[in-house]
Amino acid sequence: MADVGALVWVVPGGHIPFPGHGPEPQFTGFDQLCVLNGTDHAAELELDVYYEDVDPVGPYRILVGARRIRHVRVNDLIDPEAIRLDRPYGLVLRSPVPVVVQFLRQDTRLPGVLALTGTMAYPV
């Protein structure tokens, strides 16, 4: 499995719906990265977030153990800065070892309906 994956991955577009009205806005979904590390070495990932109208933010640091999988909700990323909600973004993920990255989106706007979509991030 160590020969599967890439060192740099790109998610060209993401968006976390977050209505801006009312005193207590509620999340209407979340975006998530699923990272598979099939190597015998830990993957110390660096993630940069790109917006259309401000400089990139990062790196966010994510550790994925050897021969492990890790799910990371994008809206849980807060250091070095909280992800800007309700703004389109793109991601660049760098790893010292080959990993496989999947991008997932869950939309919870319809009560009782689980809408989950997934796509592979783009290896560069």
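About the cut-offs
- Residues numbered from 1 in each chain as written.
- Predicted model: local features only at pLDDT ≥ 70, side-chain atom pairs only at ≥ 80, totals over all residues.
- Heavy atoms only, no water.
- Phe/Tyr/Trp six-rings, centres within 6.5 Å; stacked < 30°, edge-to-face > 60°.
- Lys NZ or Arg CZ within 6 Å of the ring centre and 35° of its normal.
- Salt bridge = Lys/Arg side-chain N within 4 Å of Asp/Glu carboxyl O.
- Helix = DSSP H or I, 4+ residues; strand = E, 2+ residues; numbered from the N terminus.
- Buried < 20%, exposed > 50% of the residue type's maximum accessible area, 1.4 Å probe, protein only.
- Core = buried A, V, L, I, M, F, W, Y, C linked by side-chain atoms within 4.5 Å.
- Contact = heavy atoms within 4.5 Å.
- Pairing = 2+ DSSP bridges.

Examining the packing of aromatic side chains
Phase 1 of the analysis: Scanning the model with the defined rule gives zero aromatic pairs in all.
Phase 2 of the analysis: Here the guanidinium or amino end of Arg84 rests over the ring plane of Tyr51, the centre of that ring lying 5.2 Å away.
Phase 3 of the analysis: Across the ring face of Tyr51, the terminal group of Arg87 is positioned such that the distance to the ring centre comes to 5.6 Å.

Structural notes on the pattern of salt bridges
Opposite charge on two side chains makes pairing possible when the charged atoms of those side chains draw close.
Phase 1 of the analysis: A complete count under the given rule lists six salt bridges for this structure.
Phase 2 of the analysis: Residue Arg61 is joined to Glu46 by a salt bridge in which the shortest nitrogen-to-oxygen separation is 2.4 Å. With a gap of 15 residues between them, Arg61 in strand β4 (residues 57-64) and Glu46 in strand β3 (residues 43-50) connect regions that are remote in the sequence.
Phase 3 of the analysis: Where Asp53 meets Arg87, a salt bridge forms, and the shortest distance between an N and an O atom there is 2.2 Å. Here Asp53 is found in the loop between β3 and β4, whereas its partner Arg87 is found in the loop between β5 (68-73) and β6 (89-107), with 34 residues between them in sequence.
Phase 4 of the analysis: The class for Asp53 is exposed, based on a relative accessible area of 52%.
Phase 5 of the analysis: Under the relative-accessibility criterion, Arg87 is labelled partly exposed at 23%.

Focus on the nonpolar core
Phase 1 of the analysis: Core analysis: the biggest nonpolar cluster contains 26 residues, and Leu33, Leu93 and Val99 have the highest contact counts within it.
Phase 2 of the analysis: Of all elements in the fold, only β1 (6-14), β2 (29-37), β3, β4 and β6 reach the threshold of two or more residues within this core.
Phase 3 of the analysis: Sort the elements by how many residues they give to this core and β6 lands first, with seven residues.
Phase 4 of the analysis: Among residues more than four places away in sequence, those in contact with Leu93 are Leu7, Val8, Trp9, Leu33, Val35, Leu45, Glu46, Leu47, Val99 and Val101.

A look at the side chain of Gln32
Phase 1 of the analysis: Tracing the backbone shows Gln32 in strand β2.
Phase 2 of the analysis: On the basis of relative accessible area, Gln32 is assigned to the buried category, the value being 13%.
Phase 3 of the analysis: When sequence neighbours within four positions are dropped, the list of residues in contact with Gln32 reads His71, Val72, Arg73, Val74, Gln102, Phe103 and Leu104.

Topic: unusual backbone geometry
Phase 1 of the analysis: Across the junction of Gly58 and Pro59, the peptide omega takes the value 5 degrees, indicating a cis bond.
Phase 2 of the analysis: Counting through the fold element by element, Pro59 comes out in strand β4.
Phase 3 of the analysis: Even without glycine at this site, Arg67 takes up a positive phi of about 55 degrees.
Phase 4 of the analysis: Along the chain, Arg67 falls in the loop between β4 and β5.
Phase 5 of the analysis: Judged by relative accessible area, which is 53%, Arg67 ranks as exposed.

Observations regarding the environment of Tyr50
Phase 1 of the analysis: Looking at where Tyr50 falls in the secondary structure, it is placed in strand β3.
Phase 2 of the analysis: Separated by 39 residues in sequence, Tyr50 and Val11 place their C-alpha atoms 10.0 Å apart.
Phase 3 of the analysis: Once residues within four sequence positions are removed from consideration, Tyr50 is found in contact with Pro56, Pro88, Tyr89, Gly90 and Val92.

A closer look at the pairing of β3
On a regular strand, one side chain projects to one face of the sheet and the next to the other, so that they alternate.
Phase 1 of the analysis: By the bridge criterion, six bridges tie β3 to β4 in an arrangement that is antiparallel. In the sheet register, Val49 faces β4, and the bridge partner there is Val57.
Phase 2 of the analysis: Where β3 folds back on β4, the antiparallel hairpin that results is connected by six residues.

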